[in-house]
Amino acid sequence: MIDFLIIGGGIAGVSAAARLSALGSVTLLEGEDALAYHTSGRSAAMFEQNYGKPSTIPLNKASHAFHDQADVLSPRGLLLVGNADTADAFATDARQMQLAQISMQEAKDMVPILDDAAVDRTAYHEAAWDIDTDKLIQCFARTARENGAAIHTKTHVDDIKRNSKGWVVSAGTVTFEAQNLVNAAGAWVDQIATLAGIAPLGFTPLRRSMARIPAPGGHDVSTWPMMFGPGENWYAKADAGALIVSPAEEDATTPHDAYADDMVLAEGLARYEANVTEPVTRLLSSWAGLRTFSPDRTLVLGPDAQDPNFIWCAGQGGYGMQSAPAASQLLADLISGGPSDLPVDAITALSPQRFT
Ligand SMILES: Cc1cc2nc3c(=O)[nH]c(=O)nc-3n(C[C@H](O)[C@H](O)[C@H](O)COP(=O)(O)OP(=O)(O)OC[C@H]3O[C@@H](n4cnc5c(N)ncnc54)[C@H](O)[C@@H]3O)c2cc1C
């Protein structure tokens, strides 16, 4: 009998495996051929600790030391660009992310393609980093394996039964018996709950697309900060010599292997292009991922209100990478009864009990 059976091999499941393997035996099941095939392999890989709802920010902040120690962060910076038409959204974003207003010249010293005719206000801070997401996932997977956890890919869970001792989980002809079931299935978390006879909580996967374009005007973009349009209506970031640009859409969908919507991508690229002097000449590649949110857009971490042996690790939305170290530690603390460094109101805000 396994102590913790985790469904889902994205950042949520793998980080949970690392933490829970310090408490008992762990087996993680991932349906795809490799870990991080879905949303966790498709993110913008940004660590901006002031990005997200007030309930997410304590998790981001509490994750910083782990990211540093794991050596997964590299400097990026964040630059917000706007004009008189977007003044309100610009002011709100600058306040929320604690960005300091800088001159247009200072901004152009960093990003020379900013268009004076379109942009008349800019705000910036250095305190935003690229996350090496592969390294982060491998770091958690290594810890889990060192603690004896088993990680099975190509193992798609298709049946879950409850009995007096715990759970019997089937993936084709293979079955696993576990005392606790950890639901870290990303966009599929409500489907897993339903399969287990647990009331779904109403998660919505929201598609977000990404385009990879050649470095504008042949510039060296490696030192450019991430650029944000006000109200998050586009963003752009250097990525291995090219630029990734997202329309930053939130289009509700059903759980599936997501792909970019061409029209949404074209409109998003036009919003980005309106701020710069270099046109988008071609697309190198595109992709999309599902940012999955609970009804109040806050993560759901901890034992289910009706069945404490069913544990939610869900609703990571657009913050799953940056918040994973603290989110997974909180999950372990909630299960072991150990003290948490997080404020009590932050823990309450994340609890599945809020949906009862
Ligand atoms: C375009 C984009 C940009 C983003 N940018 C950032 C960013 O800059 N910073 C940040 O922190 N976050 C960002 N995010 C959000 C982040 O990527 C997610 O919050 C995170 O990846 C969610 O991880 P997860 O493990 O919950 O989901 P997933 O990575 O989707 O993992 C869930 C896994 O469960 C598996 N699964 C489902 N059902 C079953 C089953 N029945 N049996 C077995 N396995 C199953 C799936 O195959 C999947 O691999 C971004 C997301 C997108 C789409």
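Treat the numbers as computed from the prediction; the structure is a model and nothing was measured.

**What about the site of the ligand?**
Inference 1: Residues in contact with the ligand amount to 38 residues; listed here are only the nearest, Glu30, Ser40, Met46, Gly317 and Gln322.
Inference 2: The contact in question runs from an oxygen atom of the ligand to an N or O atom on the side chain of Ser40, over 2.5 Å.
Inference 3: Backbone polar atom of Gly320 to an oxygen atom of the ligand: 3.0 Å apart, as the coordinates give it.
Inference 4: For the ligand, the protein covers 96% of the area, taking 1000 Å² as the surface of the free molecule.
Inference 5: At the level of elements, α1 (11-20), β13 (204-214), β18 (285-293) and α8 (320-336) are the ones that each hand at least two residues to the shell around the ligand.
Inference 6: Sorting elements by how many residues they give to the shell around the ligand places α8 first, with three residues.

**Description of the sheet that holds strand β3 (residues 46-47)**
Inference 1: Judged by pairing direction, the sheet is antiparallel, and its three strands sit side by side in the order β3-β8-β4 without closing on themselves. For this open sheet the edge positions go to β3 and β4 (73-75), each flanked by a neighbour on one side alone.
Inference 2: When β3 meets strand β8 (residues 129-131), the two strands line up antiparallel, connected through two bridges. In the strand pairing of β8, Phe47 is matched with Trp129.

**Brief notes about the pattern of salt bridges**
Inference 1: One pass over the full model with this rule turns up 16 salt bridges.
Inference 2: Of the charged contacts in the structure, one is a salt bridge between Arg76 and Asp130, with a shortest N-O distance of 2.8 Å. In this pair, Arg76 is assigned in the loop between β4 and β5 (78-82) and Asp130 in strand β8, connecting sequence segments 54 residues apart.
Inference 3: Two residues, Arg207 and Glu249, come together in a salt bridge whose shortest N-O distance is 3.0 Å. With Arg207 in strand β13 and Glu249 in the loop between β16 (242-246) and β17 (251-252), this residue pair connects regions lying 42 residues apart in the sequence. Here Arg207 and Glu249 have matching classes, each one buried.
Inference 4: Several salt bridges converge on common partners, so that one network encompasses Arg208, Glu232, Glu250, Arg291 and Arg297.

**A short note on the side chain of Thr292**
Inference 1: Assignment of secondary structure puts Thr292 in strand β18.
Inference 2: Thr292 gets classed as buried once you look at its relative accessible area, which sits at 6%.
Inference 3: What Thr292 contacts, discounting residues up to four positions off in sequence, is Gly186, Ala187, Phe203, Thr204, Pro205, Gly315, Gln316 and Gly317.

**Details of the nonpolar core**
Inference 1: Residues Ile6, Leu20 and Leu301 are the most contacted members of the largest nonpolar core, which totals 44 residues.
Inference 2: Among the elements of the structure, β1 (2-7), α1, β2 (26-29), α2 (57-70), α5 (133-146), β20 (310-314), α8 and α9 (344-350) are those that each provide at least two residues to this core.
Inference 3: The residues touching Leu301, leaving out its near neighbours within four places in the chain, are Leu59, Trp312, Cys313, Ala314, Ala327, Leu330, Leu331, Leu334, Leu350, Ser351 and Pro352.
Inference 4: Ranked by size, the runner-up nonpolar core spans 31 residues in total, among them Ala118, Val221, Val245 and Leu265.

**Points about the pairing of strand β12 (residues 174-183)**
Remember that side chains alternate between the two faces of the sheet whenever the strand is regular.
Inference 1: Looking at chain direction, β1 and β12 are connected through five bridges and run parallel. Across the sheet, the residue bridging to Ile7 is Asn183, located in β12.
Inference 2: As paired elements, strand β11 (residues 167-171) and β12 share five bridges and run antiparallel to each other. Bridge pairing in β12 places Trp167 opposite Ala178.
Inference 3: The hairpin formed by β11 and β12 contains two residues between the paired strands, and Gly172 there has a positive phi angle of roughly 60°.
Inference 4: Pairing between β12 and β20: three bridges, direction parallel.

Parameters at a glance
- Residues numbered from 1 in each chain as written.
- Predicted model: local features only at pLDDT ≥ 70, side-chain atom pairs only at ≥ 80, totals over all residues.
- Heavy atoms only, no water.
- Near = heavy atom within 4 Å.
- Polar contact = N/O pair within 3.5 Å; in protein donor to acceptor, adjacent residues only side chain to side chain.
- Areas by Shrake-Rupley, 256 points an atom, 1.4 Å probe, with all protein chains shown as cover.
- Helix = DSSP H or I, 4+ residues; strand = E, 2+ residues; numbered from the N terminus.
- Pairing = 2+ DSSP bridges.
- Salt bridge = Lys/Arg side-chain N within 4 Å of Asp/Glu carboxyl O.
- Buried < 20%, exposed > 50% of the residue type's maximum accessible area, 1.4 Å probe, protein only.
- Contact = heavy atoms within 4.5 Å.
- Core = buried A, V, L, I, M, F, W, Y, C linked by side-chain atoms within 4.5 Å.

Worth remembering: the numbers are spatial, not functional.
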